[in-house]
Number of protein chains: 2
Amino acid sequence: MKRNTWQREAVRTALSENENFVSAQALHGALKQSGSSIGLATVYRALADLADEGEADSLQQEGEALYRACTPGSHHHHLICRNCGLTVEIEATAVEDWARQVAAQHGFTRAEHVVDVFGLCEACSRLQADPSSS
Amino acid sequence: MKRNTWQREAVRTALSENENFVSAQALHGALKQSGSSIGLATVYRALADLADEGEADSLQQEGEALYRACTPGSHHHHLICRNCGLTVEIEATAVEDWARQVAAQHGFTRAEHVVDVFGLCEACSRLQADPSSS
DNA sequence: AATCGTTTTGACAATCATTCTCGATAACGT
DNA sequence: ACGTTATCGAGAATGATTGTCAAAACGATT
């Protein structure tokens with residue numbers, strides 16, 4: 001049976017306080033900073049669980065897993081700033097259909113897909129164009 | 001200046017002999033099997049170079065990087081069998097456009113995207129439906 | 001073909017994220 | 001409150017990838 005522990009709740013809370021994708025390590029660091037005594041392994045476990053249960057989205061960047069609280073129950077993708085990490089949830093009905101269709105065309109079943117868009121957000125685009133204003 | 005060594009050539013060749021995505025470790029193992037004395041670090045370096053130069057595609061799966069020779073100069077995505085690794089290159093013009101458009105809508109510039117579709121290929125679908133025939 | 005400056009290699013150590021281990025702890029049903 | 005048993009925490013273990021550095025290989029030039 002699954003139990004409710006303050007640790008899991010702490011991770012859930014810490015996650016939803018972050019607008020953007022965070023690594024398990026970073027989240028653990030933040031929790032420790034704010035006085036929690038939670039263990040690193042526990043953060044990893046809690047994040048994996050949350051991702052399984054659909055309460056968090058995850059993606060791989062530079063060899064590490066990043067997590068983010070997500071609006072549960074809705075399938076969506078992300079538009080992520082490569083520089084500052086700003087993340088926007090995006091709907092992609094058209095892409096869902098396309099993926100399913102392409103898979104079917106090639107005889108594939110059980111299609112899932114990974115779709116993420118990276119770029120420079122408006123602010124970071126400006127910074128890059130005019131570095132003096134940083 | 002970039003030099004041509006038999007090691008790099010060996011990696012390029014080994015890659016193109018594999019229809020599917022392979023890990024650096026696996027590729028190194030295969031090369032050793034066939035009598036090569038190439039070092040593991042060299043395989044990692046060669047693969048990173050090939051990916052940079054657009055001669056190979058790469059993706060992350062279960063915490064490890066997988067590589068695959070790709071038709072150079074063409075932007076494409078992949079349809080990958082979750083079970084046997086069979087890979088099909090797919091065109092995704094519609095998705096390209098969608099990605100660019102979504103990024104622009106949110107003020108993002110320099111949009112890039114990660115789009116991969118995973119599923120079970122025809123053969124593996126059958127196996128799963130009727131495991132007795134394996 | 002021999003030489004020289006530079007790049008690349010390979011063996012192994014180092015790193016780093018993540019997972020495992022296991023005794024201790026705490027949740028939940030009774 | 002009690003006993004089960006899932007979960008925790010600390011640190012060890014794992015496993016992929018990268019760094020180090022002396023030795024070897026490359027390629028342009030004699």
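Report follows, based on the coordinates. (Residues numbered from 1 in each chain as written. Chains lettered and ligands numbered in written order. Predicted model: local features only at pLDDT ≥ 70, side-chain atom pairs only at ≥ 80, totals over all residues. Heavy atoms only, no water.)

**Side note on the protein's contact with DNA strand C**
Among the 21 residues in the neighbourhood of DNA strand C, the closest are listed as Tyr-44 and Ala-65 of chain A together with Arg-3, Thr-42 and Arg-45 of chain B. Sugar and phosphate atoms constitute 66% of the interface atoms of DNA strand C, taking the interface as everything within 4 Å of the protein. Arg-3 of chain B places a polar side-chain atom, nitrogen or oxygen, 2.4 Å from a base oxygen of DNA strand C. At 2.8 Å, a side-chain N or O of Gln-7 of chain B approaches a sugar or linking oxygen of DNA strand C. Of all the secondary-structure elements, those providing two or more residues to the surface near DNA strand C are α3 (40–52) and β3 (64–69) of chain A together with α1 (6–17) and α3 (40–52) of chain B. With four residues, α3 of chain A is the largest single contributor of residues to the surface near DNA strand C. Here the surface near DNA strand C is built from residues that sort into seven nonpolar, seven polar and seven charged. (Near = heavy atom within 4 Å. Polar contact = N/O pair within 3.5 Å; in protein donor to acceptor, adjacent residues only side chain to side chain. Helix = DSSP H or I, 4+ residues; strand = E, 2+ residues; numbered from the N terminus. Nonpolar A, V, L, I, M, F, W, Y, C, P; charged D, E, K, R; others polar.)

**Quick notes on the interface of chain A and chain B**
Interfaces are often sized by the accessible area lost when the parts come together. Opposite the 35 residues of chain A that make contact, chain B presents 35 residues. For the chain A and chain B pair, buried surface summed over both sides reaches about 2900 Å², with 64% attributable to carbon and sulfur atoms. Across the contact surface, chain A and chain B share two salt bridges. Its salt-bridge partner being Glu-112 of chain A, residue Arg-82 of chain B comes within 4.0 Å of it at the nearest N-O pair. The interface formed by chain A and chain B contains twelve residue pairs in polar contact (both at pLDDT 80 or more). Those elements that provide at least two residues to the side of chain A that touches chain B are β4 (77–81), β5 (87–90), α4 (93–105), β6 (109–120) and α5 (122–129) of chain A. For the side of chain A that touches chain B, the leading source of residues is β6 of chain A, giving twelve residues. Its residues assigned to classes, the side of chain A that touches chain B comprises 20 nonpolar, nine polar and six charged. In the sheet, β6 of chain A pairs with strand β6 (residues 109–120) of chain B via nine bridges, with the strands oriented antiparallel. Note that in β6 of chain B the partner of Asp-116 of chain A across the bridge is Val-114 of chain B. (Contact = heavy atoms within 4.5 Å. Buried area = accessible area lost by both parts, 1.4 Å probe. Salt bridge = Lys/Arg side-chain N within 4 Å of Asp/Glu carboxyl O. Pairing = 2+ DSSP bridges.)

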